[in-house]
Amino acid sequence: MTDNITTPARPAPPVGGSQEIDGRRVFTHRSGSGGPAVVFLSGAGAVGLDYFGVQQGVSQFTTAVVYDRGGTGHSDPLPLPRTATAVATELHGLLRAQDIDGAYVLAPHSLGGLYAHRFAQLYPQDVAGPVWMDALHRDWDDFMPPEAGLAAGTLPG
């Protein structure tokens, strides 16, 4: 596991921009208008712009948001792994700072499912519902060996 997967010399993203959250730049790209906003939560090894095509389709009828979690993609580097609580709190701060009103439709892929689940636990009033895109299920621990469990809270990306 690496300490971070971004580099200071990374190229600028082709669209979007950054929002400062807790003293770090977090990449985000918003398109469309209206609500509820659909927020894409990428899986491990993926970045927000991996969902750009889907985001553009969704943005034809509502606000659609992609972003890079801290320590990934075009966001500032930081030590990884991070807890699901840290990721959910960062996303909540980002959406508020960008003046994107809830309740949100969370669209997680893979590991993003864990982060979406934690977001919904922490901010239930801000969640309209989920659209699971092959997302990690909260019952993961029921089917995995203890060494692969989520209880420790140390997850990649």
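Please read all numbers here as calculations on a predicted model, not as lab measurements.

## What to know about the pairing of strand E5 (residues 104-110)
Right, on to step 1. The element E5 is largely enclosed, with a buried count of five among its seven residues.
Right, on to step 2. Note: strand E3 (residues 38-41) against E5, four bridges, orientation parallel. Its bridge partner lying in E5, Leu41 is registered against Pro108.
Right, on to step 3. Summarising the sheet, E5 and strand E6 (residues 127-130) pair through three bridges and their orientation is parallel. Within E6, the residue paired with Val105 across the bridge is Gly129.
Right, on to step 4. Considered for its hand, the β-α-β crossover made up of E5, helix H3 (residues 112-122) and E6 is right-handed.

## Describing the side chain of Ser42
Right, on to step 1. As for its position among the elements, Ser42 is in the loop between E3 and helix H1 (52-58).
Right, on to step 2. Ser42 gets classed as buried once you look at its relative accessible area, which sits at 2%.
Right, on to step 3. Ignoring anything within four residues of it in the chain, the contact list for Ser42 reads Val47, Gly48, Tyr51, Arg69, His109, Leu111 and Gly112.

## Examining the packing of aromatic side chains
Right, on to step 1. Summed over the entire model, instances satisfying the criterion amount to three aromatic pairs.
Right, on to step 2. By the ring-pair criterion, three or more aromatic residues cluster together here, those being Tyr104, Phe119 and Tyr123.

## A look at helix H2 (residues 84-97)
Right, on to step 1. The first and last C-alpha atoms of H2 sit 20 Å apart over 14 residues, in line with the 20 Å expected at 1.5 Å per residue.
Right, on to step 2. Ala84, Val87, Ala88, Glu90, Leu91, His92, Leu94 and Leu95 are the residues of H2 that are buried.
Right, on to step 3. Where the residues of H2 are buried, they touch strand E1 (17-21), strand E2 (24-31), E3, strand E4 (64-67), E5 and H3.
Right, on to step 4. Two residues or fewer after H2 comes Asp99, characterised by a positive phi angle close to 55 degrees.

## Considerations on the nonpolar core
Right, on to step 1. Among the nonpolar cores identified, the biggest contains 22 residues, and Val39, Leu41, Leu91, Leu95, Tyr104 and Phe119 are the most heavily contacted of them.
Right, on to step 2. Every element with two or more residues in this core is listed here: E3, E4, H2, E5 and H3.
Right, on to step 3. Dropping the residues within four chain positions of it, Leu41 is found in contact with Tyr67, Leu91, Leu106, Ala107, Pro108, His109, Gly112, Tyr115 and Ala116.
Right, on to step 4. Of all hydrophobic cores here, the second largest spans 11 residues; its members include Val38, Ala46, Leu49 and Tyr51.

## Some thoughts on the confidence of the model for the chain
Right, on to step 1. Overall, the predicted model of the chain reaches an average pLDDT of 84, with 80% of residues at or above 70.
Right, on to step 2. Between residues 1-7, whose pLDDT stays under 50, and residues either more than four places distant or in other chains, the model counts 19 contacts.

## Focus: the pairing of E3
Right, on to step 1. Going residue by residue along E3, you find Val38 and Phe40 tucked away on one face and Val39 and Leu41 tucked away on the opposite face as well.
Right, on to step 2. Considered for its hand, the β-α-β crossover made up of E3, H1 and E4 is right-handed.

Rules of the game
Residues numbered from 1 in each chain as written. Predicted model: local features only at pLDDT ≥ 70, side-chain atom pairs only at ≥ 80, totals over all residues. Heavy atoms only, no water. Buried < 20%, exposed > 50% of the residue type's maximum accessible area, 1.4 Å probe, protein only. Helix = DSSP H or I, 4+ residues; strand = E, 2+ residues; numbered from the N terminus. Pairing = 2+ DSSP bridges. Right-handed = clockwise from strand over helix to strand, strands pointing away. Contact = heavy atoms within 4.5 Å. Phe/Tyr/Trp six-rings, centres within 6.5 Å; stacked < 30°, edge-to-face > 60°. Expected span 1.5 Å × (residues − 1). Core = buried A, V, L, I, M, F, W, Y, C linked by side-chain atoms within 4.5 Å. pLDDT = per-residue confidence, 0-100.

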